[in-house]
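Each chain is listed here by its residues.
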Protein chains: 6
Amino acid sequence: MKLVIKITGKFFDMEGDKSSLLSSIKELIGLGHRVALVTGGGGIARRYIDLGRTLGLNEASLDLLGIWVSRLNALLMAMAMQDLAYPKVPESLEQFMEFWAHGKVTVTGGFQPGQSTAAVSALVAEAISADYLLIITTVDGVYSADPKRNPNAKLLPKVTTLELKNILESSQSVRAGTYELLDPMAMKIIERSKIKVMVMGLSKIGSIDRILKGEETATIVEPV
Amino acid sequence: MKLVIKITGKFFDMEGDKSSLLSSIKELIGLGHRVALVTGGGGIARRYIDLGRTLGLNEASLDLLGIWVSRLNALLMAMAMQDLAYPKVPESLEQFMEFWAHGKVTVTGGFQPGQSTAAVSALVAEAISADYLLIITTVDGVYSADPKRNPNAKLLPKVTTLELKNILESSQSVRAGTYELLDPMAMKIIERSKIKVMVMGLSKIGSIDRILKGEETATIVEPV
Amino acid sequence: MKLVIKITGKFFDMEGDKSSLLSSIKELIGLGHRVALVTGGGGIARRYIDLGRTLGLNEASLDLLGIWVSRLNALLMAMAMQDLAYPKVPESLEQFMEFWAHGKVTVTGGFQPGQSTAAVSALVAEAISADYLLIITTVDGVYSADPKRNPNAKLLPKVTTLELKNILESSQSVRAGTYELLDPMAMKIIERSKIKVMVMGLSKIGSIDRILKGEETATIVEPV
Amino acid sequence: MKLVIKITGKFFDMEGDKSSLLSSIKELIGLGHRVALVTGGGGIARRYIDLGRTLGLNEASLDLLGIWVSRLNALLMAMAMQDLAYPKVPESLEQFMEFWAHGKVTVTGGFQPGQSTAAVSALVAEAISADYLLIITTVDGVYSADPKRNPNAKLLPKVTTLELKNILESSQSVRAGTYELLDPMAMKIIERSKIKVMVMGLSKIGSIDRILKGEETATIVEPV
Amino acid sequence: MKLVIKITGKFFDMEGDKSSLLSSIKELIGLGHRVALVTGGGGIARRYIDLGRTLGLNEASLDLLGIWVSRLNALLMAMAMQDLAYPKVPESLEQFMEFWAHGKVTVTGGFQPGQSTAAVSALVAEAISADYLLIITTVDGVYSADPKRNPNAKLLPKVTTLELKNILESSQSVRAGTYELLDPMAMKIIERSKIKVMVMGLSKIGSIDRILKGEETATIVEPV
Amino acid sequence: MKLVIKITGKFFDMEGDKSSLLSSIKELIGLGHRVALVTGGGGIARRYIDLGRTLGLNEASLDLLGIWVSRLNALLMAMAMQDLAYPKVPESLEQFMEFWAHGKVTVTGGFQPGQSTAAVSALVAEAISADYLLIITTVDGVYSADPKRNPNAKLLPKVTTLELKNILESSQSVRAGTYELLDPMAMKIIERSKIKVMVMGLSKIGSIDRILKGEETATIVEPV
Ligand SMILES: Nc1ncnc2c1ncn2[C@@H]1O[C@H](COP(=O)(O)OP(=O)(O)OP(=O)(O)O)[C@@H](O)[C@H]1O
Ligand SMILES: Nc1ncnc2c1ncn2[C@@H]1O[C@H](COP(=O)(O)OP(=O)(O)OP(=O)(O)O)[C@@H](O)[C@H]1O
Ligand SMILES: Nc1ncnc2c1ncn2[C@@H]1O[C@H](COP(=O)(O)OP(=O)(O)OP(=O)(O)O)[C@@H](O)[C@H]1O
Ligand SMILES: Nc1ncnc2c1ncn2[C@@H]1O[C@H](COP(=O)(O)OP(=O)(O)OP(=O)(O)O)[C@@H](O)[C@H]1O
Ligand SMILES: Nc1ncnc2c1ncn2[C@@H]1O[C@H](COP(=O)(O)OP(=O)(O)OP(=O)(O)O)[C@@H](O)[C@H]1O
Ligand SMILES: [Co+2]
Ligand SMILES: [Co+2]
Ligand SMILES: [Co+2]
Ligand SMILES: [Co+2]
Ligand SMILES: [Co+2]
Ligand SMILES: [Co+2]
Ligand SMILES: [Mg+2]
Ligand SMILES: [Mg+2]
């Protein structure tokens, strides 16, 4: 199967072993899947965006700083995968397609101001006609409300894109680096190409194969 | 002033003289403005998208066909401007910024699947901190409803982005090549960077300077 | 065998199914051949050239417009072949060689002003030391005279490059987009590298394998 | 005026001062002209072509070796001109146009197998709508026959492209690196765009301005 | 004058205002100088190198991570300078030369594994024939010994490259990201091209013009 | 095994058959090794450097001329290897890594002013974690002193990098094109990454496999 894995930028902020993601991707490849990895920017991205704001940069430039940090995270993972991954990080969807054609894992960060790396992962999934888009985030899946603000929010096993839009609407913001979970661009692409999306927490990095087989759970997002 | 002019792809389908746009841009430059031109795809784009659909291409690939036609229209205009324009068409916002730094008119078509050339024009306007984004389309401005479907729709002298979103909501669709006027990406960028937008018809190509001075009218879109 | 297939740009103008060419190339690959595809510009190229002429473009710029349309046709075919083709269209022979090294079908349009896509196909055939250059055009092969002007012209089963030059000489013109069949550059390359050329009509798209085996006929051009 | 100067590759083989060409170009720029310089490959090109032939390279690859040597000569001249020249050597006409837009001297070697650097100079002259193409070669101008073989050949003050074609026809060959003076591609471009050509010897390097003013002589090639 | 300013990566780690460097460079440009800025990687570079080491990357890959962080710092500064700087960060000396030709400030980070950004600054200074290479580091200049380890080390007003080599020899190490002040590559370039170097502390950012005029002090490194 | 072979630029100056190196590399590939080839510049490089010096070029530009000749030698070898080699010559280590990922022989010349092609070969060996770096030079291995100047110098079967540094120190010079055997950059990389190096003469081109098996001798350089 063709899989797109989108990993939160916060993964690169946290203490502890980063090699779990490598092992997991190697395992998936060993099972015959093809994998594209999309990395977020995380705390270092926010740090550079803050620095840029003190220097008076506009929103496009601030987004570009965040994009470059996500590309740095992508480069780290690509180099760590050695021969399994294409050794360069694409800077646009067209370039992604060129690298992807080489039969290796392709690791990418952001593409363009105004969109999240989640949007990038949806664009990539659409372009390669992926079987699944797997979103690994800091929470365990999609909740009935933002779990950071609402402790009573419930984890949902399944949600339609329409329901998800309603849930996200209140909390969504568009200042550089602040899109949450799925921005409008991501949503639009998922809907128009009926991409199968699963949202899961970082603790599931080692269980992607089991999730794909339905042996472990994650929130399934149904495009409608 | 820094001006971004977005011209409908339909301009390249129509009979009649294309040099009006050239004269107009030359006049604006003569007045000391810097100009970025964004060209849509138009009928030839739709033709290639239809051809691609019969060959089973996915939405990302179909959008790319449309993007390449818009780039062809951009190349035509860039070459026609000779020394006034940078002779290459950028394929991403980062490349646009590089070409723009050369002090010439920069002509661009689409950047990426999933967004209209109107979104491109908003991204460009944000990135160069443009004074105005001028959208030249097939109708005379923003109407109270889609004028193609509703003959009673009234031309609005001014509209907020919030009002415009409500007006467009019903008619918006996201299949390749079908976004109308301003897609969500364009809207988001306009709002977050408070870009001053004016929407006008093709008959106003020769009067841009007068519109900027307020001597002639166009719909003003107010970001809120 | 290494095969270069040059398809007339008019193929992209015509009504009807474009997938015959795809099936045919897939069949050839299945038989173990490697294939390079060269696409002409056709009617859309002529349309943009006409548009450019009204804007006062010089011959080099007009040729570039035609070249870009042929590249658009190449992109369409490359995307339709999906994993079988390299996903980018080369813009020079050196870039073609780089893409060709990836072991996939490489689809190319024009390279440079002043030469036809037939010249491109000869350059490509020479550079990869192709076994055959197959030219699929709007007529059934080489005739004793231009069949469009001379209804009595006879289809030739075999012709030397010297004879062909004499036949074409009278009708050859060099205004942008008007070279017919094989321009001087194509002829020169074919002669100096003794490239085996076969000219056939669009009805033979499905029979290339049979033509290679000599089970069906096409005009054989003998380099002398 | 816009001038294209094509200098024989043999200039780079010869003993003696190379700075005459630099001074001459600086003088022309000082007079307000814009200059594009095209450098041939010369003896080093032939040396690499010979080496390549012993290794079994095909004609396209041999031509590429010659092209790369001509680019090396171009790089030498570009670096020697320092701030006056664009510091990179273009590898295609499209790239040439991009570099040329920077307002500096653009120095180029070969573009593509199958054509001489004289053809490159004609393509460049056409693309920039040059006022003159000045060809500096090893003989003093166009003769009534090849002066190397025919000591009685007479230097011609003026010749039409048609006459020149007849004169060259007998001596023209197309093996890599062996085109003489003006190959068919050069001739075709000169004719279709009515480029004004002057052919002169190396001794005229310091007198280009005088030749342009008609104060000194060179063979004028009239496109017909 | 042509100035190369090399700023320690630690500048980007520190609290407080980054705009002092911007103002200083703008002032220098206002005085008619041309400026190239080279940015180090600093603490974020070390962080990524540490992360890479836990993932088993080799020294070349670790250096590349550091290089990419220094490029991110370069991008931040380039974007903050807006129209004054070329908007792209070069990835090699050849690319630097191309960007430098545009007449703007060119901001660069690292070029290649195995060398420090101080070596980059020396390579850049040599390539543009700079009048001065100004090294802004975390200490006030060159000391008689490493001031971090030896509190009795004395600040030197002048030092030859030979003396400096002897001083640094004991403390020099070559693990990724650990070269101090001037590595052997930097030293070699400075010596062979007799580059005038001045070393100063961060407190001198606002006084570069005064240092150039000799009104304020910094360590002068004399190439021998 | 992963092998880096560095061949002296003088190989391309000499009379006689160049195909020995091709056969040797093909044999190594047949045995299952992966090969990177690094080519020096040789006499043609020195010729262009001399020419450049008469035109007043600085050291960086002179080095670039030498680098371009080494790239020309690389292109010659890459084209001669046909399908076995990547058809383009990388211009930086990052680009080398991208080409290397294609599974073919990658042929490279110089990367950057200020370092020899021996340094390039060490950088390449480090970046691909090569098993051996094989240096084929004009003498039979490392001697106790420069054999050109000291006829009593003895060929050493084994030498540590420390010993080698001492031996070379006296004869080392840094003017463009004059580094001998291993420059400081090469040495540093070899030491920090403990690269296994063997130095041998041109007569051993056909015996690389035997040397790797210890059946024939070369000087082993031990990194310490
Ligand atoms: N409220 C409205 N006011 C104005 N136009 C509207 C409105 N609602 C829908 N439209 C439609 O929007 C169309 C213009 O948008 P469209 O996206 O087609 O852009 P365009 O300018 O043609 O650009 P391109 O073809 O380059 O994408 C008009 O033809 C009009 O029918
Ligand atoms: N002797 C001849 N035999 C065959 N065709 C000839 C002859 N002389 C002229 N032609 C004309 O050549 C035309 C084909 O050449 P043309 O250059 O138009 O190529 P094409 O295959 O249409 O490719 P493209 O449009 O991509 O350049 C035919 O339509 C035919 O009328
Ligand atoms: N009628 C003629 N008049 C002048 N020269 C002629 C004529 N016929 C043949 N030649 C030959 O053409 C040669 C010049 O053409 P050639 O292609 O060698 O160009 P070049 O200026 O040396 O450029 P490069 O070496 O860069 O290709 C002269 O050496 C001359 O012998
Ligand atoms: N003799 C000396 N004089 C001055 N500094 C010395 C000396 N010897 C060692 N150093 C150390 O060199 C350090 C500065 O060099 P370092 O390579 O860290 O450069 P930097 O300016 O921080 O640049 P970057 O971090 O961008 O590489 C100082 O912190 C100082 O401790
Ligand atoms: N101790 C030594 N042992 C061996 N050679 C030495 C020694 N000292 C100096 N040399 C000189 O080193 C030379 C080889 O180094 P050089 O840098 O010229 O490399 P090369 O292999 O010719 O590569 P290239 O020309 O591609 O740079 C020999 O010609 C030899 O004279
Ligand atoms: Co539209
Ligand atoms: Co590739
Ligand atoms: Co044709
Ligand atoms: Co530029
Ligand atoms: Co440092
Ligand atoms: Co050497
Ligand atoms: Mg045709
Ligand atoms: Mg010649």
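Each value, and the rule that gives it
Residues numbered from 1 in each chain as written. Chains lettered and ligands numbered in written order. Predicted model: local features only at pLDDT ≥ 70, side-chain atom pairs only at ≥ 80, totals over all residues. Heavy atoms only, no water. Near = heavy atom within 4 Å. Polar contact = N/O pair within 3.5 Å; in protein donor to acceptor, adjacent residues only side chain to side chain. Areas by Shrake-Rupley, 256 points an atom, 1.4 Å probe, with all protein chains shown as cover. Nonpolar A, V, L, I, M, F, W, Y, C, P; charged D, E, K, R; others polar. Donors = N, O, S within 2.8 Å, 3.2 Å for Na, K, Ca; no water. Helix = DSSP H or I, 4+ residues; strand = E, 2+ residues; numbered from the N terminus. Buried < 20%, exposed > 50% of the residue type's maximum accessible area, 1.4 Å probe, protein only. Contact = heavy atoms within 4.5 Å. Buried area = accessible area lost by both parts, 1.4 Å probe. Salt bridge = Lys/Arg side-chain N within 4 Å of Asp/Glu carboxyl O. Least-squares fit on C-alpha atoms with pLDDT ≥ 70 in both.

Draft legend 1. Layout of the site of ligand 2. Residues and elements named next belong to chain C. By nearness alone, 21 residues border ligand 2, and K6, K10, T137, K148 and L181 come closest of all. K6 is positioned with one of its side-chain polar atoms (N or O) 2.8 Å from an oxygen atom of ligand 2. Contact distances for ligand 2 include 2.7 Å between an oxygen atom and a side-chain N or O atom of T137. The fraction of the free accessible surface of ligand 2 (630 Å²) that becomes covered by protein chains is 92%. In the shell around ligand 2, the residues fall into nine nonpolar, seven polar and five charged.

Draft legend 2. Focus on the site of ligand 4. Residue and element names in this part refer to chain E. K6, K10, T137, K148 and L181 are the nearest of the 21 residues found near ligand 4. Here an oxygen atom of ligand 4 sits 3.1 Å away from a polar atom, N or O, in the side chain of T138. Within the side chain of D146, an N or O atom sits 2.9 Å from an oxygen atom of ligand 4. Bound to the protein, ligand 4 loses 92% of the 630 Å² it would expose on its own. Tallied by class, the residues present in the shell around ligand 4 amount to nine nonpolar, seven polar and five charged.

Draft legend 3. Examining the coordination of the cobalt ion (ligand 7) more closely. Looking at the cobalt ion (ligand 7), the protein donor atoms are H102 of chain A (NE2), H102 of chain C (NE2) and H102 of chain F (NE2), and they sit 1.9 Å from it. Highlighted residues: H102 of chain A in the loop between α4 (93–100) and β3 (106–108) and H102 of chain F in the loop between α4 (93–100) and β3 (106–108), drawn from two different chains. Relative accessible area serves as the criterion here: at 19%, H102 of chain A is assigned to the buried category.

Draft legend 4. Inspection of the interface of chain B and chain E at higher detail. The interface is formed by four residues belonging to chain B together with six residues belonging to chain E. Overall, the association of chain B and chain E removes approximately 440 Å² of surface from exposure, summing both partners, and the carbon and sulfur fraction of that is 53%. Together, E98, A101 and H102 of chain B form the three largest contributors to the area buried by chain B at its contact with chain E, with a combined 84%. Residue E98 of chain B is joined to K88 of chain E by a salt bridge in which the shortest nitrogen-to-oxygen separation is 3.6 Å.

Draft legend 5. Here's a closer look at the interface of chain A and chain B. Taken together, the contact pairs 29 residues of chain A with 29 residues of chain B. For the chain A and chain B pair, buried surface summed over both sides reaches about 2300 Å², with 54% attributable to carbon and sulfur atoms. Considering only the side of chain A, the residues that lose the most area to chain B are E94, K188 and R192 of chain A, jointly responsible for 30% of the buried surface there. Between D183 of chain B and K188 of chain A there is a salt bridge whose closest N-O contact spans 3.9 Å. Taken together, the connections running from chain A to chain B amount to 18 residue pairs in polar contact (both at pLDDT 80 or more). Residue assignment for the side of chain A that touches chain B shows that the elements contributing at least two residues are α3 (59–80), α4, α5 (117–127) and α7 (184–192) of chain A. By residue number, the principal contributor to the side of chain A that touches chain B is α3 of chain A, which donates six residues. Taken together, the residues of the side of chain A that touches chain B break down into 13 nonpolar, six polar and ten charged.

Draft legend 6. Up close: the relation of the copies chain A and chain B. When chain A is fitted to chain B, the best match, at an RMSD of 0.0 Å, comes from turning it 180° and sliding it 0.0 Å along the axis. Both chain copies can therefore be described as sitting about a two-fold axis. Comparing interface residues between copies, 100% of those in chain A also lie at the interface in chain B; the contact surface is shared.

Draft legend 7. Spotlight on the arrangement of the chains. The least C-alpha distance between chain A and chain D, which are not in contact, is 20 Å. The smallest C-alpha distance separating chain C from chain E is 20 Å, and no contact links them.

Draft legend 8. The pattern of salt bridges, seen in detail. As enumerated under the stated definition, the model contains 82 salt bridges over all chains in all. We note a salt bridge from R210 of chain B to E216 of chain B, for which the minimum N-O separation is 2.8 Å. Since its relative accessible area comes to 24%, E216 of chain B is described here as partly exposed. A single salt-bridge network, built from bridges that share partners, covers D63 of chain A together with E126 and R192 of chain B.

Remember that the coordinates give geometry; whether it matters functionally is a separate question.
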